[in-house]
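A look at the structure
Listed here are the chains, written in short residue letters.
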Amino acid sequence: AIDRADFDEEVRRRGGGISGAWIDESLTAAAEALSVASADDLEFLTLTINGTSRSLTINARRGDQPDFIDSVTVREGDVVAVTPIQDADELPLDELLIDVDDTPIDDVETLDDRALVEFGEPDGFVTIISVSLDGTEASTTVQLSSARRTGSVVFDAAGNTVEVDR
């Protein structure tokens, strides 16, 4: 058996522990908690994926009450919190919501690899991925860390690199 600390170090050495399968599983759990038919039908204000804590938090529209937004946190596949967002029914949700399909997170491994190359640190790893609206378009920020520095890479909705901060 491998020691947990050794396992975590190996995951970091390979660039982080965020995988498409893990995100799909978490989004499916969130969709169920929000009474949304499937993960592909999710509409959200913000999405945060934390590789270090193996958690995903999404502030998304409820399927059964589309004027309302709930914050759902999923940790290792299990929904651990569902919290209503106050006064969300007063927001112009149709203008602010992002369709999950309009983000590059469906190919998170490629996104992570590209961010790591842009970051340029040989021991770099992904810590957090966040998706939010930047003007009228979804923007995905990949936060990275290494022994010597932290940084981030921002991608547009099509997955094109917009900004690199080292």
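The preceding data block contains the structure.
Just so we're clear, the structure is a prediction, and the values are computed from it rather than from any experiment.

A word on the overall build of the chain. If you tally the helices and strands in the chain, you get 4 helices and 9 strands. Shown N-terminal to C-terminal, the secondary structure of the chain runs as helices and strands in the order α-α-β-β-β-β-α-β-α-β-β-β-β. For 166 residues, the compact-globule formula gives about 15 Å, and the C-alpha radius of gyration of the chain, at 16 Å, lands near that figure. Viewed in the frame of its principal axes, the chain has a C-alpha envelope of about 45 × 40 × 25 Å. Here the chain, with 166 residues, has 42% of them falling under the buried criterion. Across the chain, the 12 positively charged side chains and the 37 negatively charged ones have centroids separated by 11 Å.

We now examine the pairing of strand 1 (residues 43-50). Strand direction decides the pairing type here: strand 1 and strand 5 (residues 98-99), joined by 2 bridges, are antiparallel. Pairing of E43 across the sheet is with D99, part of strand 5. Across 6 bridges, strand 1 lies against strand 2 (residues 55-61) in antiparallel orientation. Note that in strand 2 the partner of T48 across the bridge is T57. The pairing of strand 1 with strand 6 (residues 125-134) spans 4 bridges and is classified as antiparallel. What sits directly across from I49, in strand 6, is I129.

With that settled, consider the nonpolar core. Counting residues in each nonpolar core, the largest one holds 35 residues, and the members touching the most others are I23, L27, L42, L47 and I58. Contributing elements (two or more residues each) for this core: helix 2 (20-33), strand 1, strand 2, strand 3 (69-75), helix 4 (108-119), strand 6, strand 7 (137-145) and strand 8 (150-155). Counting residues per element, this core draws most heavily on helix 2, which supplies 6 residues. If we skip the residues at most four places from it in the chain, L42 touches L27, A31, L34, V36, I58, A60, I98, D99 and V100. With 5 residues, the next largest nonpolar core counts I69, A88, L93 and L97 among its residues.

With that out of the way, let us pick up a negative patch on the surface. Taken together, the side chains of D24, D40, D41, D99, D101, D102, D106, D107, E109 and D113 make up a negatively charged region of the molecular surface. As for its placement among the helices and strands, D107 is situated in the loop between strand 5 and helix 4. Classification of D107 as partly exposed rests on a relative accessible area of 38%.

For the rest of this paragraph, the subject is the environment of D101. Mapped onto the fold, D101 is located in the loop between strand 5 and helix 4. Once the C-alpha coordinates of D101 and A157 are considered, the two residues, 56 residues apart in sequence, prove to be 9.5 Å apart.

Attention now goes to the environment of T127. With respect to the helices and strands, T127 occurs in strand 6. Between the alpha carbons of T127 and T150 there is a distance of 9.6 Å; along the sequence they are 23 residues apart. The residues contacting T127, other than those within four sequence positions of it, are I18, I49, N50, G51, T52, Q143, L144 and S145.

So, how was this worked out
Residues numbered from 1 in each chain as written. Predicted model: local features only at pLDDT ≥ 70, side-chain atom pairs only at ≥ 80, totals over all residues. Heavy atoms only, no water. Helix = DSSP H or I, 4+ residues; strand = E, 2+ residues; numbered from the N terminus. Rg over C-alpha atoms; globule rule 2.2 N^0.38 Å. Buried < 20%, exposed > 50% of the residue type's maximum accessible area, 1.4 Å probe, protein only. Lys, Arg positive; Asp, Glu negative; His and termini not counted. Charge placed at Lys NZ, Arg CZ, Asp CG, Glu CD. Pairing = 2+ DSSP bridges. Core = buried A, V, L, I, M, F, W, Y, C linked by side-chain atoms within 4.5 Å. Contact = heavy atoms within 4.5 Å. Patch = residues over 30% accessible without salt bridge, like charges linked within 9 Å, V, L, I, M, F, W, Y side chains within 5 Å. Areas by Shrake-Rupley, 256 points an atom, 1.4 Å probe, with all protein chains shown as cover. Salt bridge = Lys/Arg side-chain N within 4 Å of Asp/Glu carboxyl O.

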